[in-house]
Amino acid sequence: MKKTLNLVVLSFALVAFGCKDKPKEKQEVAVEESKDVKPNVVVIYLDDLGYGDISSYGATELSTPNIDALASGGLKFTNGYASSATCTPSRYALLTGMYPWRNKDAKILPGTAPLLISTEQQTLPKMLKSQGYQTAIVGKWHLGLGTGTVNWNERVSPGPNEVGFDEAYILAATQDRVPTVYIDNGNVVGLDPKDPIEVDYETNFEGEPTAIDNPEMVDMKWHHGHNNSIVNGIGRIGFMKGGDAAKWSDVDMADHFLAKAQDYVKTHKNSPFFLYYAMQQPHVPRTPHPRFAGKSGLGPRGDVILEADWCIGEFVKTLKEEGLLENTLIVFSSDNGPVLNDGYYDDAVEKIGKHDPKGGLRGGKYSLFEAGTRVPFITYWKNHIKPGVSDAIVCQMDLLASLADLVGTEDKTTDSKDILETFLGKTDKGRDNLVIEATSRTALRSGDWLMIPPYKGKVYQEKVDIETGSSPDFQLYNVKEDKGQQNNLAKSKPEKLQEMVAEFEAIRGKNYNNIQQLKLR
Ligand code: NG6
Ligand code: CA
């Protein structure tokens, strides 16, 4: 029975690849060797979406039917992780399969930072390209561009095209950082050569207004940071001059990226593709299109989550219309956990009401507590992944080795673990352990346990109202029984602590920070 079902499914796949003329026996052979199936792969990656921000993960104040459809029709992971509690390192791990703490520069990057991934390095798109895939990114990059000083008026490289993406339509860093322009395969879109762009993160350009000096020009008030150049009435991080015609429209960004993603699918459907659809929501500045403004009742943060959900619905509709849904593996996740006030007064705090973006976890973006890195994580592949819930520990970093397995090759060069069977729901065993990272600090999740070594520094970050996870003492939590990390068992379970520290040091080495190795032994 099962085999018959697979047969039907595979012949769909072959039709989608334009193989319908193949002799029948050939199709049946292909079924036996399921490794030969090369589905399209789409990674839909949100920015700062929390574990509890969507209804399928327990949100009651927001309804996200389109993401929920992926969760109910696919596999919903309850222990799915970004490698890090901030953007750049998580994206680095997703694309390179490497732990970001192996690269000292894998930190939140300014818009002028050089490319963080070496052009020699293994990457997810490179691996898929080597197996015949077409590859593309649409959306947020935030992994640096160029080799030092970038001239934005010429082709900017190296960048995504040089690390494995055939096509790259991106925003360079973040929505709140300059340059506020789209870049299409290295070229700033819509740039008027008579109005060249200059970008600087240190010094303003003479005569250019800033959010700190010209509050009358600002529509979205800044709370911390975000007081340099003003674009579309929003203060940004960094200074920018020129490039007026090329500046993006914030409220149209979601539609703009969606159209690019849909167009890519429509024009590349004849052979397998990998699309990394890196959406900008709900990162600051939260700028919902007017048709979503005010719709959530939770302020712009809620509105842009609804907007993102709608975009995902439209995108999936396109896959369906193009006959690709049964032949596309969709992975949905977020680069790090939630934050309410990330630098603008935008009602995220005031209108939060009963909504819990953390979904009962502790901490948030920037934090070593669970809400920093544990994020929504869904794999969906119609007729291939049996709908369900998996409690296995999985990390975005594992997609490289796992997808390599899926497409018939292997990757042994990275930290990525081949847990394909877990992603496909054939086993509920995932990783044994995972080192998570937050603002250059690391901790160990192993089995049901999470150990955070002692860290100096702030226990609480007032500006963003988030506990950092740092403490002068060891912390040990059973995150299965104590999801909210309320009971530090470091003192009452010394043997478990010892075991976790040894496991952590085996991966991380003893000098994982400059803090003296404790009084433990
Ligand atoms: C911080 C910004 C924050 C956000 C973050 C990057 C300030 C005060 N805060 O430095 O607003 O842009 O960087 O977020 O400037 S991330 O999701 O891309 O990592
Ligand atoms: Ca982020």
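Thresholds, definitions, all that
Residues numbered from 1 in each chain as written. Chains lettered and ligands numbered in written order. Predicted model: local features only at pLDDT ≥ 70, side-chain atom pairs only at ≥ 80, totals over all residues. Heavy atoms only, no water. Near = heavy atom within 4 Å. Polar contact = N/O pair within 3.5 Å; in protein donor to acceptor, adjacent residues only side chain to side chain. Areas by Shrake-Rupley, 256 points an atom, 1.4 Å probe, with all protein chains shown as cover. Nonpolar A, V, L, I, M, F, W, Y, C, P; charged D, E, K, R; others polar. Domains from an automatic or database assignment. Donors = N, O, S within 2.8 Å, 3.2 Å for Na, K, Ca; no water. Tetrahedral: all angles 85-135°; square planar, octahedral: opposite > 155°, others 65-115°. Contact = heavy atoms within 4.5 Å. Buried area = accessible area lost by both parts, 1.4 Å probe. Pairing = 2+ DSSP bridges. Helix = DSSP H or I, 4+ residues; strand = E, 2+ residues; numbered from the N terminus. Axes fitted to C-alpha atoms, helices over the stretch in contact; angles between N-to-C directions.

Enquirer: Requested: an account of the site of ligand 1, with residues and values cited.
Expert: Around ligand 1, 20 residues are found, and the nearest of them are Cys-87, Asp-176, Arg-177, Asp-342 and Lys-365. A distance of 3.0 Å separates an oxygen atom of ligand 1 from a polar atom in the side chain of His-226. Contact distances for ligand 1 include 2.8 Å between an oxygen atom and a backbone N or O atom of Asp-342. Summarising the interface, the protein chains cover 85% of the accessible area of ligand 1, which totals 450 Å² for the free molecule. Residues belonging to the shell around ligand 1 are distributed by class as follows: five nonpolar, eight polar and seven charged. Mapped onto the domain boundaries, the shell around ligand 1 takes at least three residues apiece from domain 1 (6-189 + 249-349 + 370-426) and domain 2 (201-240).

Enquirer: Report on the coordination of the calcium ion (ligand 2), specifying residues and quantitative values.
Expert: Protein-derived coordination of the calcium ion (ligand 2) comes from Asp-47 (OD), Asp-48 (OD), Asp-335 (OD), Asp-335 (OD) and Asn-336 (OD1), at a distance range of 2.2 to 2.7 Å. Bound by six donor atoms, the calcium ion (ligand 2) shows angles of 51 to 173 degrees at the metal and therefore irregular coordination geometry. Donor residues for the calcium ion (ligand 2), ordered by position in the chain, follow D-D-x286-D-N.

Enquirer: Any details on the domain arrangement of the protein? Residues and values, ideally.
Expert: Partitioning the protein into structural domains gives domain 1 (6-189 + 249-349 + 370-426), domain 2 (201-240) and domain 3 (439-508). When each unit is reduced to the centre of its C-alpha atoms, the spacing between domain 1 and domain 2 is 31 Å. Across the contact, 21 residues belong to domain 1 and 17 residues belong to domain 2. Both faces combined, the contact of domain 1 with domain 2 buries some 1,600 Å², and carbon together with sulfur accounts for 63% of it.

Enquirer: Now, about the sheet that holds strand S17 (residues 449-452): what can you tell me, with residues and values included?
Expert: Strands belonging to one sheet form pairs held by backbone hydrogen bonds; the direction of such a pair is parallel or antiparallel. Spatially, the four strands line up as an open sheet ordered S15-S16-S17-S20, and their pairing is antiparallel. Only two strands of the sheet have a single partner each, and these edge strands are strand S15 (433-438) and strand S20 (475-478). Strand-to-strand twist of the sheet, defined as the mean angle between neighbouring strand axes without regard to direction, takes the value 20 degrees. Inspection of the sheet shows strand S16 (residues 441-446) paired to S17 by three bridges, in the antiparallel sense. Bridge pairing in S17 links Ser-446 to Trp-449.

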